[in-house]
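Chain by chain, the residues:
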Amino acid sequence: MDRLTRLLLDAQGGDRDALERFVAETHHDVIDLCRYLGDRDNADDLAQETYQRAVASLHRYRASGPARHWLLTIARRTCADATRKRTRRRRLDQQVAALPDDTATRAETDQPEIDELLALLDDDRRAAFVLTQLSGFRYDAAAEMLGVPIGTIRSRVARAREQLLDVVAESRELPPTAERPG
């Protein structure tokens, strides 16, 4: 059993120090995931909500997998909920104000930032890409966290890479991936 899982089980038994150490040792991973899957400006709020949800459901943790995976699954779901909420709010604002979307502004930028690139991916591809390529998780761990087969993770990451490369190529006026050698 790994150290974080032991800390979480101790916290589950009422050890407040263990809970504080668990939060301190996982905070960086949670913030990173929230920054990439959620919203860079609200990563702290999303991380706080993640820990609130984790503490509220601590009694349900059964140590069937690593505590870190359990926590990052909660973070991923928190970010997905926030993204859905933000999307609904944005659509409503656009309808009320009858404003055109911001695609022209995005097209005017020379080099999209990573957050903008990741925002172009659908939630499933973004989660698989961020977990494996940015957070450094193995494909099997990402599959466990996302609750899908490892082959699904591989295909989502491959498709995300293709999509991101095409967007970058378009922004630099390079031929798309289908026309590039290799």
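Residues numbered from 1 in each chain as written. Predicted model: local features only at pLDDT ≥ 70, side-chain atom pairs only at ≥ 80, totals over all residues. Heavy atoms only, no water.

A.B. asks: Looking at this structure, I do not really get the overall build of the protein chain. What am I missing?
C.D. replies: Per the secondary structure count, the protein chain includes nine helices and zero strands. Listed N to C, the secondary structure of the protein chain is α-α-α-α-α-α-α-α-α in terms of helices and strands. Residue burial in the protein chain is summarised as follows: out of 182 residues, 37% are buried. Of the roughly 11100 Å² that the protein chain leaves accessible, carbon and sulfur atoms contribute 48%. (Helix = DSSP H or I, 4+ residues; strand = E, 2+ residues; numbered from the N terminus. Buried < 20%, exposed > 50% of the residue type's maximum accessible area, 1.4 Å probe, protein only. Areas by Shrake-Rupley, 256 points an atom, 1.4 Å probe, with all protein chains shown as cover.)

A.B. asks: Where do I start with the packing of helix α2 (residues 16-37) against helix α7 (residues 123-134) in this structure?
C.D. replies: Helix packing geometry: the angle between the two helix axes and the distance between the axes. Orientation of α2 relative to α7, taken along the N-to-C sense of each, is 140°, at an axis distance of 10 Å. Between α2 and α7, the angle is such that the two are oblique. The two elements α2 and α7 meet at a crossing, and its hand is right-handed. Between α2, through L33, Y36 and L37, and α7, the contact on the second element is made entirely by R126, A127, V130, L131 and L134. Partitioning the contact of α2 with α7 into residue classes produces seven nonpolar, no polar and one charged. (Axes fitted to C-alpha atoms, helices over the stretch in contact; angles between N-to-C directions. Parallel < 35°, antiparallel > 145°, perpendicular 65-115°, else oblique. Left-handed = near helix turned anticlockwise from the far one by under 90°. Contact = heavy atoms within 4.5 Å. Nonpolar A, V, L, I, M, F, W, Y, C, P; charged D, E, K, R; others polar.)

A.B. asks: Where do I start with unusual backbone geometry in this structure?
C.D. replies: With glycine set apart, most residues show a phi of negative sign, and most peptide bonds adopt trans. Phi is positive for A63, close to 60°, though the residue is something other than glycine. Tracing the backbone through its elements, the reader meets A63 in the loop between α3 (43-56) and α4 (67-97). Since its relative accessible area comes to 29%, A63 is described here as partly exposed.

A.B. asks: What is the right way to read the nonpolar core from this model?
C.D. replies: What tends to happen in soluble globular proteins is that the nonpolar side chains get buried as a cluster. By size, the foremost hydrophobic cluster in this structure holds 48 residues, and its most contacted members are F22, V30, L33, C34, L131, L146 and I153. Mapped by element, the contributors of at least two residues to this core are α1 (3-12), α2, α3, α4, α6 (114-120), α7, α8 (139-146) and α9 (150-172). Among the elements that line this core, the one with the most residues is α2, at eight residues. If sequence neighbours within four positions are ignored, L131 has contacts with L33, G136, F137, A142, M145 and L146. (Core = buried A, V, L, I, M, F, W, Y, C linked by side-chain atoms within 4.5 Å.)

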